[in-house]
Amino acid sequence: MYALVDCNNFYVSCERVFAPRLEGRPVVVLSNNDGCLISRSDEAKALGFAMGEPYHLARPRLAEHDVQVFSSNYGLYGDMSRRVVQVLGSFAAGVEVYSIDEAFLDFGGMHLLAPDLLAYGAEVKGRVRQHTGIPTCVGIAPTKTLAKLANRLARKHRTSGVLLLDTPARWQAALAEAPVDSIWGVGRRYARKLLDMNITTGAELAALPEAWLRRHLGGVVGQRLWRELHGQPCLDWNPAECDDDGEPRPTSGAARHSVTCTRSFGRPQHAPAALAEAVATFAAKAAEKLRCHGLGAHLVTVILGTDKYAPTGGPSTHTACVSLPTATADTSHLTRAALQGLERLRQPGTAYHRVGVLLSGLERPGAAQLNLFEPAAAPAPPQRAQLMATLDRLNGRFGRAVVQLAAAGVARPAGRSAPAWAGRASHRSPLYTTSWDGLWQLS
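Residues numbered from 1 in each chain as written. Predicted model: local features only at pLDDT ≥ 70, side-chain atom pairs only at ≥ 80, totals over all residues. Heavy atoms only, no water.

- Under an unreviewed UniProt entry, the protein chain has the name Y-family DNA polymerase and belongs to Hymenobacter cyanobacteriorum.
- If you open the UniProt record of the protein chain and go to Sequence similarities (unreviewed entry), you find "Belongs to the DNA polymerase type-Y family." (UniProt positions renumbered as here; feature names shortened; annotations may be inferred.)

Structure representation (structure tokens):
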């Protein structure tokens, strides 16, 4: 058995934890650079605000309905997600973090300890709310696909927020209620194909022969979907690892092929110093992710973007790649390569709207790809790895970018806390849980 725990309107819920006055009021959270709506409270959804709606178009209606608007605050959301996963870890032998607001729990054999799984799911939901303030829904079923369906229906019907599909009769009834395009694993292309064939519900899809799904829905992918819909678990289980204190941490990242950090600027940037500072900052963030996953990168790709809507024509995204002799996660080496790529790309006088750093050619330690015709490069001295570990510990303890390379920026002008290239975030809340300066205070 699996349980899927999904946080309701997660970004909005995180904001409400520290602003209880917003309960029952319409609230929206914006994407990077205050671009569009990416999280909406139920009240905002009822007013007709759509996911992905551009903020500049929605702004008059938001003001008309007195909707509270927040810029995205990923530092806060990431920490709240970590706290939710930590609570979930006390309820199951395994936790698989599916996204920032969703996690699967392995309930295999749990009936021996908790015969009433519905009540146990309610206890999970209540404990998460008590310890983090985040409302959730819980779907329990013998497969991940059915657990996803159970979670969706638990939220849709406004029940206790917990739904158990533990018998064929129960999950068949749930499938009969679910549109075929809402079934996890049925993408847009397959959904159109199924609807053209007058297959409109999950029950109608499950009633088809297994061989039919294998033939028409991607071979083994369709076969796995059929078995999942019939209560036979087929999807892989990728549990989160925990440290000695029970804190969840990323897995080894064997399946990861690249690490990316990209952002749009709050306003176009011409100055070489501002572009270099942005590239160095994103290279450092990407390098930190590499070390978190225990990986090194062979290839550094720098991305510069101009105005995609400009009438001049031509591509709006430009890239330059720098190859490294050996894979590394050292911030200084990756930053130096990224700045070399920037120099190749940057055109004097050109206004750039976005920048990014992509690290690829990833390797684990001890699994280096050697060149058949060249001698192996000398390994990096152990002091470099110790330096990077110390850097990560300091930034983890005292706050991100407390210690960084000078290339990523130094002192700011008086009154300016963000660099000139930073994206717009006019409505961002404080970092209540990860910064002493943003510590929540009762008012």
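Next comes the rest of the description.
1. Some remarks on the packing of helix 6 (residues 144-156) against helix 11 (residues 220-229)
Turning to step 1, where the next piece is worked out: The N-to-C vectors of helix 6 and helix 11 enclose an angle of 60°; their axes lie 7 Å apart at closest approach. Viewed along their axes, helix 6 and helix 11 adopt a mutual orientation that is oblique. Residues Lys144, Thr145 and Leu146 of helix 6 lie in contact with helix 11, whose contacting residues are Leu225, Glu228 and Leu229.
Turning to step 2, where the next piece is worked out: Here the contact of helix 6 with helix 11 is composed, by residue class, of three nonpolar, one polar and two charged. (Axes fitted to C-alpha atoms, helices over the stretch in contact; angles between N-to-C directions. Helix = DSSP H or I, 4+ residues; strand = E, 2+ residues; numbered from the N terminus. Parallel < 35°, antiparallel > 145°, perpendicular 65-115°, else oblique. Contact = heavy atoms within 4.5 Å. Nonpolar A, V, L, I, M, F, W, Y, C, P; charged D, E, K, R; others polar.)

2. Observations concerning the sheet that holds strand 2 (residues 27-30)
Turning to step 1, where the next piece is worked out: The strand order across the open sheet built from three strands is 3-2-4, with neighbouring strands paired in mixed fashion. The sheet terminates laterally at strand 3 (37-40) and strand 4 (68-70), the two strands that pair on one side only. Neighbour-to-neighbour, the strand axes of the sheet open up by a mean angle of 25°, direction not taken into account.
Turning to step 2, where the next piece is worked out: Where strand 2 lies against strand 4, three bridges are found, and the strand directions are parallel. Residue valine 28 lies in a different strand from strand 4, and its bridge partner there is valine 69.
Turning to step 3, where the next piece is worked out: The strands that helix 1 (residues 10-17) touches are strand 2, strand 3 and strand 4; relative to strand 2, the one it contacts most, it runs at about 115°. (Pairing = 2+ DSSP bridges.)

3. Quick look at the pairing of strand 3
Turning to step 1, where the next piece is worked out: Pairing of strand 2 with strand 3 involves three bridges; the strand directions are antiparallel. Within the sheet, the bridge partner assigned to valine 28 lies in strand 3 and is arginine 40.
Turning to step 2, where the next piece is worked out: Between strand 2 and strand 3, which follow one another and run antiparallel, lie six residues, and asparagine 33 among them has a positive phi close to 65°.

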